[in-house]
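# Observations on chain architecture
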Amino acid sequence: QSFPFGYTRTISFDEAAITVLPFPEKTIQDEFKGDVGDFSIALNKFKGEVKQYEELQGELIIKGKGNFITINKPQIKISDAVKVIISDDKSELSIVKNKIHGQKKYQISIVPQKSGKISAGPFYIVCFDPYSRRFKKIESKIISFKVTPVATKQSDSDSFDNDKKKGIKFNV
């Protein structure tokens with residue numbers, strides 16, 4: 001059954017030749033998740049000393065031109081020395097000459113699981129750069145920081161014994 005206000009229309013497009021580029025090197029190909037653009041990565045605010053199991057916060061910024069709308073979160077090879085949480089923060093985008101330019105910010109939380117001097121990173125994305133027609137692995141600097149050990153907690157019974165030695169009386 002057709003509707004009285006409906007109609008059929010044929011749309012034609014000009015033909016165009018396309019060039020299919022070869023897949024990237026095997027190592028990059030396995031990590032490519034579909035990000036397309038000319039990007040750079042910068043890290044901010046990852047300075048100082050932190051205690052073991054306490055959160056070290058910082059910011060990661062991806063800048064450039066490309067498809068920021070569908071860009072994946074940066075990746076990091078994680079060791080057992082840290083736990084890493086990456087959360088989206090905000091994007092600042094504009095269109096210049098029909099291309100999306102801007103930056104996307106991520107909040108990074110690193111929780112050290114061991115004490116001592118720790119290195120984490122680099123954070124990275126693997127993208128196809130349509131301007132150079134190459135697949136690229138864009139990396140941040142490695143983050144290094146000092147982690148002080150957590151003081152061992154005194155057991156409740158030890159604390160009770162110490163309080164008795166100090167002359168504190170308990171009514172039971």
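Below is a short write-up of the structure.

Definitions and cut-offs
- Residues numbered from 1 in each chain as written.
- Predicted model: local features only at pLDDT ≥ 70, side-chain atom pairs only at ≥ 80, totals over all residues.
- Heavy atoms only, no water.
- Buried < 20%, exposed > 50% of the residue type's maximum accessible area, 1.4 Å probe, protein only.
- Helix = DSSP H or I, 4+ residues; strand = E, 2+ residues; numbered from the N terminus.
- Pairing = 2+ DSSP bridges.
- Axes fitted to C-alpha atoms, helices over the stretch in contact; angles between N-to-C directions.
- Phe/Tyr/Trp six-rings, centres within 6.5 Å; stacked < 30°, edge-to-face > 60°.
- Lys NZ or Arg CZ within 6 Å of the ring centre and 35° of its normal.

## Here's the deal with the pairing of strand β10 (residues 143-148)
With burial as the criterion, only one face of β10 is covered, namely that bearing Ile 143, Phe 145 and Val 147; the residues Ser 144, Lys 146 and Thr 148 on the opposite face remain uncovered. Here strand β2 (residues 49-51) pairs with β10 via three bridges, running parallel. Residue pairing for β10: Glu 49 is matched across the bridge by Lys 146. Inspection of the sheet shows strand β7 (residues 116-120) paired to β10 by five bridges, in the antiparallel sense. Across the sheet, Lys 117 pairs through a bridge with Lys 146, a residue of β10.

## Comments concerning unusual backbone geometry
Residue Pro 122 follows Gly 121 across a cis peptide bond; omega there is 10 degrees. Note that Pro 122 resides in the loop between β7 and β8 (123-129). Here Lys 97, not a glycine, exhibits a phi torsion of approximately 50 degrees, which is positive. If you trace the backbone, Lys 97 turns up in the loop between β5 (82-96) and β6 (99-112). Looking at Lys 97, the relative accessible area reads 74%, which means it is exposed.

## So, the sheet that holds β10
Taken in spatial order, the three strands line up as β2-β10-β7 in an open sheet, and their pairing is mixed. Unpaired on one side and paired on the other, β2 and β7 mark the two borders of the sheet. If you compare each strand with its neighbour and ignore which way they point, the axes differ by 40 degrees on average.

## Notes on the packing of aromatic side chains
Inspection of the entire model under this criterion finds three aromatic pairs. Considering the side-chain rings of Phe 39 and Phe 68, the 5.2 Å spacing of their centres and the 75 degrees angle between planes classify their relative orientation as edge-to-face. Taken together, the residues span a long stretch of sequence, with Phe 39 in strand β1 (residues 35-44) and Phe 68 in the loop between β3 (56-66) and β4 (75-76) at a distance of 29 residues. On the basis of relative accessible area, Phe 39 is assigned to the buried category, the value being 6%. We classify Phe 68 as buried; its relative accessible area is 2%. Members of the aromatic cluster, joined through ring pairs, are Phe 32, Phe 128 and Phe 135. Over the ring of Tyr 131 we find Lys 65, and its NZ or CZ is 4.2 Å from the ring centre.

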